[in-house]
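# Inside the fold
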Amino acid sequence: MDYGLTELQREMVALSRELAVKKIKPVREKYDESEEFPWDIVEELRKADLFGVYLPEEYGGMGGGLFELGLISEQLSRTCGGIALCLMTSSLCSMPILVFGSPEQRQRFLPDIASGKKLGAFCITEPGSGSDASSLKATAVADGDHFILNGVKNFCSSGKASETYVVFFSTNPKRGARGITAFIVEKGTPGFTFGKKEKKMGIRANSTHELVFSDCRVPKANILFKEGMGLLVAQNTFDFARPGVGAQAIGIAQGALDETLAYTRVRKQFDVPVASFQAIGHMLAECATQIEAARALFFTTVRAMDAELLPAVKKAIAENITVYEAMKALNCRRWSKESAMVKVFSSDVAMKVTTDCVQMCGGIGYMRDFPVEKYMRDAKITQIYEGTNQLQREEIARMLVKEAASSEREAAGS
Amino acid sequence: MNIVVCVKRTPASTSVALDPQTGAVKTAGLPHGINPFDEYAVEEALRLKERIPGTKVAVLSVGPAENDEVIRAALALGCDTGVLLSDPAFAGSDVYALSLILAKGIQKVAETRGGVGLVLFGRQSNDGESGHTTAAVGARLGWPSVISVRKIPEAADAAVTVERLREDGTDVLQLTLPAVLSVLKEINEPRLPSLRGKMAAKKMPVETWGAAALGLSADVVGKAGSRMDVVKMAPVPSRGAGVVITGETPEDKAQALVAKLKEAKFI
Ligand SMILES: Cc1cc2nc3c(=O)[nH]c(=O)nc-3n(C[C@H](O)[C@H](O)[C@H](O)COP(=O)(O)OP(=O)(O)OC[C@H]3O[C@@H](n4cnc5c(N)ncnc54)[C@H](O)[C@@H]3O)c2cc1C
């Protein structure tokens, strides 16, 4: 389907696809097996200029937005959703810096992420605080012009491999959700170490790490946005990042379908290709339709989001203010509902499609030396991280009720 | 040093079908790209550029206007300039005529850019597969040519040392430049373009040199200048089913295998 891509966007798709097929495909099983970090692929992505497609040219990016990030995330995930994640977690770190960072922070941190010289990560989760992110326990206590960080964060994607971390601490436990503050912490800061590395079901090429902070001193200049505004930073980051999980899910689903289509056309039973059985054909048709529907929702949503985000970024750079301030000035809206819809829909499609793909391939589909089962394992995470799909549905429902109530109020008022 | 790397535009697939009626190679409608074997030549040219300071790489391609696409693909990878050798009169050239067009193109690069040190080719094309072009161009230019190069251990402005793969070993050859080489797949792993490289290559000028610019008359190029007629092409017959040697023990199987090999007069 032609989604009216520009020449640059078409080149991004072609290049990320070429890189995935030529460089990632030959090593994806190796990394899935060894659970090592794919540094050779990081180097390829760097050389190809793909780390900065969604960042402003002023910081060494290619000037795109969430749409471009999604385009390449889909293509990379189509070959390996685990390897693709090293690029996507960098965006999870750079998006809050872009949107909430001061002009100095943008200048200090974004160029190295845009060039791929440094990887970035984002961590709010703690052992006792997952879906209920505002219950986090890690603390930051002021000490002159520094803060002292203490606590444990877990499940940090691209943990240890990354250089730059956006991490959330409570600067005022008494205020609960309003006491949370976002910090930018660099690897190597004394008191910041790495704990357990998780052993996972899928996306095994990405390291999921515990982050340990013990009396880690960071300068006040590393506060992202304002003290006590951390939850706002996190929520807005997720609004912008969740469609990326959708793109990853769409890529995983598409990759599984590609493999399944190829196999079912050559696998013969009862003397005919299994794809010619109506039962299989209809499953293929259903998978392809669901994927296209997810992609259409993704493209439509992120285009609308970029249409608001990119002018705000321009304004912020021109006027030396934060992008968030520019968004307020331009009356940009919040995208929580739509962005949750993209994530929920695409990740559910990915789970259904990859499960059906294993089924269509039969016994070989279940085997680890055939690529399809890995897609099913990789798909599962897209329903869990960046907020489980249960929480996304909660959010969508809440927004629906809120919107209905406010339109009723408007109608009553007019 | 100036290096010329020659690239052909061919179907972007490793196997190309033949038309069973005409025997011609069916390429219409297929996606095209740089001949996969030529990618190694482009990569080696770029690596030499990185090794020898001041080196510039020019890409040449003979063919219709569509060949612009493969020249730009090579520019995106880091080649410096590109020239399309194109003229309606060139259509239908065999290796004999093609080597003349390329030799003239290379000479013109040498005249306009201060000499040429090395000319690099891929081992063969994935459609025509003659594998003769390198030697023919060398002969046309009167320069030494070496095919099947698997390594260039030493390279400088005046001379290169190359390893040529043979069935029974490797020759190490030292060549004074200029020289013409064709490289094997073993020589390197081609890089991918960067996004910026791709976008910049779209805007780079690509010159076109026709028959007149190369000083070629219509009777020495195209069908008229060719010496070869393709009478018939046929697909390679598909391989028959293999024989599975069975037996109780490995010894039994070995004996059965030896008997079969003797029967076929292989041993
Ligand atoms: C591989 C991996 C990578 C990750 N990477 C990161 C990362 O980089 N950074 C980061 O900060 N976090 C990361 N996470 C954490 C992830 O975001 C959380 O695991 C997720 O938000 C769910 O939290 P939890 O695991 O604590 O589950 P819980 O919150 O304990 O949820 C358990 C179950 O209860 C349900 N549930 C909880 N609350 C409600 C509710 N109110 N209504 C209905 N159902 C509810 C959930 O949907 C779920 O099914 C990662 C997780 C994994 C597995």
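Before reading on, note that the structure itself is shown above.
These lines cover the structure that appears in this document, whether it is placed above or below. Nothing here was measured: the structure is a model prediction, and the numbers come from that model.

### Side note on the pairing of strand β7 (residues 145-155) of chain B
All names here are of chain B. The pairing of β7 with strand β10 (residues 179-183) spans 3 bridges and is classified as parallel. The residue bridging S145 from the neighbouring strand is V180, located in β10. Examined bridge by bridge, β7 and strand β8 (residues 159-166) share 4 bridges and lie antiparallel to one another. Along β8, the bridge assignment pairs A155 with V160.

### Side note on the packing of aromatic side chains
Scanning all chains against the criterion turns up 18 aromatic pairs over all chains. Both rings, one in Y165 of chain A and one in F194 of chain A, keep their centres 5.9 Å apart while their planes meet at 45°; by these two values the pair is tilted. Of this pair, Y165 of chain A sits in strand β4 (residues 164-170) while F194 of chain A sits in strand β6 (residues 192-197), and the two are 29 residues apart along the sequence. For Y165 of chain A, a relative accessible area of 0% corresponds to the buried category. The interplanar angle of 80° and the centroid separation of 6.3 Å between the aromatic rings of F270 of chain A and F277 of chain A together place this pair among those described as edge-to-face. We classify F270 of chain A as exposed; its relative accessible area is 74%. Judged by relative accessible area, which is 30%, F277 of chain A ranks as partly exposed. Counting every residue linked through ring pairs, the aromatic cluster contains F147, Y165, F169, F183, F192, F194 and F213 of chain A. R140 of chain B extends its terminal NZ or CZ atom over the ring of Y96 of chain B, reaching a point 4.3 Å from the ring centre.

### A closer look at the interface of chain B and chain A
Frequently, the measure chosen for interface size is the accessible area removed from exposure when the parts meet. Each side of the interface is counted separately: chain B has 11 residues, and chain A has 18 residues. Roughly 1300 Å² is buried in total at the junction of chain B and chain A, and carbon and sulfur atoms are behind 58% of that figure. Looking only at chain B, the three residues that lose the most surface to chain A are L192, L195 and R196 of chain B, adding up to 51% of its buried area. Across the chain B-chain A interface, the total number found is 5 salt bridges. Residues E11 of chain A and K202 of chain B are paired through a salt bridge, measuring 2.5 Å at the closest nitrogen-oxygen approach. If you look at where chain B meets chain A, you find 10 residue pairs in polar contact (both at pLDDT 80 or more). The residue inventory of the side of chain B that touches chain A, partitioned by class, reads 5 nonpolar, 1 polar and 5 charged.

### Some points on the pattern of salt bridges
Residues and elements named next belong to chain A. Throughout the structure, instances matching the rule amount to 43 salt bridges over all chains. Among the salt bridges present, the one from K22 reaches E18, with a minimum N-O distance of 2.8 Å. Taken together, the positions of K22 and E18, both in helix α1 (residues 7-24) and 4 residues apart, correspond to about one turn of that helix. Put simply, R217 and D143 hold a salt bridge, and the shortest N to O gap is 2.6 Å. Here R217, found in strand β7 (residues 208-219), pairs with D143, found in strand β2 (residues 139-143); they are 74 residues apart in sequence, far enough to count as distant. Residue class for R217 comes out partly exposed when judged on its relative accessible area of 40%. Where salt bridges share partners, they join D32, E35, R204, E373 and R377 into one cluster.

### Quick notes on helix α5 (residues 195-203) of chain B
Along α5 of chain B, the positions that sit buried rather than exposed are L195, G197, K198, M199 and A201 of chain B. On its buried face, α5 of chain B sits against α1 of chain A together with α2 (68-77) of chain B.

### Quick notes on helix α6 (residues 103-115) of chain A
All names here are of chain A. In this model, α6 (13 residues) spans 18 Å end to end at C-alpha, consistent with the 18 Å of a helix rising 1.5 Å per residue. Along its length, α6 shows its largest kink, about 35°, at F109, and proline P111 lies within four residues downstream of that point. Among the residues of α6, P103, Q105, R106, F109, L110, I113 and A114 are the ones counted as buried. If you follow the buried residues of α6, they end up packed against α5 (81-100), β4, β5 (180-186), β8 (223-224), α8 (278-319) and α9 (323-329). Count one or two residues on from α6 and you reach G116, which has phi positive near 85°.

### Here we look at a nonpolar patch on the surface
Together, I364, Y366 and M367 of chain A line one region of the surface with nonpolar side chains, adding up to about 320 Å² of accessible area. As for its position among the elements, I364 of chain A is in the loop between α10 (336-361) and α11 (372-381).

### Topic: the site of the ligand
All names here are of chain A. Neighbouring the ligand are 20 residues, the closest being T125, S131, F155, S157 and T388. A distance of 2.8 Å is found between an oxygen atom of the ligand and a backbone nitrogen or oxygen belonging to I124. Between the ligand and T388 there is a distance of 2.7 Å, counted from an oxygen atom to a side-chain nitrogen or oxygen. Considering the ligand on its own, with 970 Å² of exposed area, one finds that the protein chains cover 64% of that surface. Elements with a minimum of two residues in the shell around the ligand: β1 (120-123), β3 (146-157) and α12 (389-413).

Basis of the calculations
Residues numbered from 1 in each chain as written. Chains lettered and ligands numbered in written order. Predicted model: local features only at pLDDT ≥ 70, side-chain atom pairs only at ≥ 80, totals over all residues. Heavy atoms only, no water. Pairing = 2+ DSSP bridges. Helix = DSSP H or I, 4+ residues; strand = E, 2+ residues; numbered from the N terminus. Phe/Tyr/Trp six-rings, centres within 6.5 Å; stacked < 30°, edge-to-face > 60°. Buried < 20%, exposed > 50% of the residue type's maximum accessible area, 1.4 Å probe, protein only. Lys NZ or Arg CZ within 6 Å of the ring centre and 35° of its normal. Contact = heavy atoms within 4.5 Å. Buried area = accessible area lost by both parts, 1.4 Å probe. Salt bridge = Lys/Arg side-chain N within 4 Å of Asp/Glu carboxyl O. Polar contact = N/O pair within 3.5 Å; in protein donor to acceptor, adjacent residues only side chain to side chain. Nonpolar A, V, L, I, M, F, W, Y, C, P; charged D, E, K, R; others polar. Expected span 1.5 Å × (residues − 1). Bend = angle between axes of the 7 residues up to and from the residue. Patch = residues over 30% accessible without salt bridge, like charges linked within 9 Å, V, L, I, M, F, W, Y side chains within 5 Å. Areas by Shrake-Rupley, 256 points an atom, 1.4 Å probe, with all protein chains shown as cover. Near = heavy atom within 4 Å.

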